[in-house]
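Examining the three-dimensional arrangement
One letter stands for each residue in the lines below.
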Amino acid sequence: MTNSDKSVVSRLRKLIGEGTYRPGERLGEVAVSEQLGVSRTPVRLAFRTLEQEGLLQRAGKRGFMVREFTEADVLCAVEVRGVLEGLAARRLAEQGISRELDGELEVWIQRGRELLAKGYLEERDVDVWSELNRHFHQTIVGSSGSPVIGDAIARNNHLPFAAADSIVIDSEALDREYRKLQLAQVQHELVVQALRHGEGARAEMLMREHAFIGLRYGELLGLGG
């Protein structure tokens, strides 16, 4: 998926989260592509991605509709991911991380630092962050020594806004969104620090809190939601 395709996914995710496209509303490729000012191909790909994330569901042979979900559904799905990722981080800290794994985690830490180093956020940065964030989380879960945890997270990711890379960024408030990603970056670095020191309980707590950054931190930064 190209960066432009990811941008369409991000924009649609935001519109659904804001209620612009309401639960039960049918979405057509032509209408949405005209509204977003893009071709039908990235919209078609975005529909499939958002179906996998649980935001859309099939309506007939070719159409899609916005899935009905409540705020409580979203909160529970995010909390479940936090618990599962926290368990993965605790197991990883207790078993110890190899030099190779340490180096891989450091790659994503450095990419986060580089992204935020300029002191502000551009819309295209959202896709870069989403990608590095996905790799960071997958590296921890995939290295925990338990495929059961990964399988459980994969199932949970089919619920709305549950996946780690289901990020919603307000393009009209990029200054405050930048502050949110700064906090997320600090949390990534704290998690890696805890893993390096073998602090299982601390790593678990940090990952559980980190899951809420997209859902709760916006309130503190004047982003709403």
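What you see is a predicted model, and the numbers here were worked out from it, not measured in a lab.

1. Concerning the packing of aromatic side chains
For the coordinates displayed, the defined rule picks out 1 aromatic pair. Taken together, a centroid distance of 5.5 Å and an interplanar angle of 55 degrees make the contact between F47 and F64 tilted. Of the two residues, F47 sits in helix α3 (residues 40–52) while F64 sits in strand β3 (residues 63–66), which places them 17 residues apart along the sequence. For the pair formed by F47 and F64, the shared burial category is buried. The side chain of K118 reaches across the aromatic face of Y120, ending 5.5 Å from its centre.

2. Considerations on the pattern of salt bridges
Taken as a whole and assessed by the stated rule, the structure comprises 16 salt bridges. Among the salt bridges present, the one from R44 reaches E29, with a minimum N-O distance of 3.2 Å. Separated by 15 residues along the polypeptide, R44 in helix α3 and E29 in helix α2 (residues 29–36) bring together distant segments of the chain. Connected through shared salt-bridge partners, E29, R40 and R44 make up one network.

3. Re the sheet that holds strand β2 (residues 56–59)
Sheet architecture is open: 3 strands sit in the order β1-β3-β2, paired in antiparallel fashion. For this open sheet the edge positions go to β1 (26–27) and β2, each flanked by a neighbour on one side alone. As defined by bridge partners, β2 adjoins β3 across 4 bridges and the pair is classed as antiparallel. Paired with Q57 across the two strands is M65, which belongs to β3. Sheet strands touched by α3: β1, β2 and β3. Its angle to β2, the strand with the most contacts, is close to 110 degrees.

4. What to know about the nonpolar core
Counting 31 residues, the largest nonpolar core has L105, W129, F136, I140, V191 and L195 as the members making the most contacts within it. Those elements giving two or more residues to this core turn out to be α4 (71–95), α5 (99–116), α6 (123–142), α8 (174–196), α9 (200–210) and α10 (213–220). When residues in this core are grouped by element, the largest group, 8 residues, is from α8. Once residues within four sequence positions are removed from consideration, F136 is found in contact with L105, W108, I109, H188, V191 and V192. Counting residues in hydrophobic clusters, the runner-up holds 23 residues, among them L36, F64, V74 and F161.

5. A short note on the packing of α4 against α9
With their axes 7 Å apart at the nearest point, α4 and α9 run at an angle of 155 degrees to one another. As judged from the angle between their axes, α4 and α9 are roughly antiparallel. Seen along the crossing, α4 lies across α9 with a hand that is right-handed. For the pair α4 and α9, the contacting residues are G82, V83, E85, G86, L87, A89, R90, A93 and E94 in the first and G200, A203, E204, M207 and R208 in the second. When grouped by side-chain class, the residues that make up the contact of α4 with α9 number 6 nonpolar, 3 polar and 5 charged.

6. Quick word on the side chain of K180
Looking at where K180 falls in the secondary structure, it is placed in helix α8. With relative accessibility at 7%, the residue K180 sits in the buried group.

7. Remarks on the packing of α5 against α6
Between two packed helices, the angle of one axis relative to the other and the distance separating the axes together describe the packing. Interaxial distance between α5 and α6 falls to 10 Å at its minimum, and their mutual angle equals 160 degrees. Viewed along their axes, α5 and α6 adopt a mutual orientation that is roughly antiparallel. Crossing hand, α5 versus α6: left-handed. Facing L101, E104, L105, W108, I109, R111, G112 and L115 of α5, the residues of α6 in contact are D125, V128, W129, L132, H135, F136, T139 and I140. For the contact of α5 with α6, the residue count by class is 10 nonpolar, 3 polar and 3 charged.

8. Let's talk about α4
A rise of 1.5 Å per residue sets the reference length of α4, with its 25 residues, at 36 Å; its end C-alpha atoms lie 36 Å apart and thus fit the reference within 8%. For α4, the complete set of buried residues consists of V74, A77, V78, R81, G82, L84, E85, G86, A88, A89, L92 and A93. Buried residues along α4 sit in contact with α5, α6, α7 (147–156), α8, α9 and α10. Following α4 by one or two positions, G96 has its phi on the positive side, about 90 degrees.

The rules behind each value
- Residues numbered from 1 in each chain as written.
- Predicted model: local features only at pLDDT ≥ 70, side-chain atom pairs only at ≥ 80, totals over all residues.
- Heavy atoms only, no water.
- Phe/Tyr/Trp six-rings, centres within 6.5 Å; stacked < 30°, edge-to-face > 60°.
- Helix = DSSP H or I, 4+ residues; strand = E, 2+ residues; numbered from the N terminus.
- Buried < 20%, exposed > 50% of the residue type's maximum accessible area, 1.4 Å probe, protein only.
- Lys NZ or Arg CZ within 6 Å of the ring centre and 35° of its normal.
- Salt bridge = Lys/Arg side-chain N within 4 Å of Asp/Glu carboxyl O.
- Pairing = 2+ DSSP bridges.
- Contact = heavy atoms within 4.5 Å.
- Axes fitted to C-alpha atoms, helices over the stretch in contact; angles between N-to-C directions.
- Core = buried A, V, L, I, M, F, W, Y, C linked by side-chain atoms within 4.5 Å.
- Parallel < 35°, antiparallel > 145°, perpendicular 65-115°, else oblique.
- Left-handed = near helix turned anticlockwise from the far one by under 90°.
- Nonpolar A, V, L, I, M, F, W, Y, C, P; charged D, E, K, R; others polar.
- Expected span 1.5 Å × (residues − 1).

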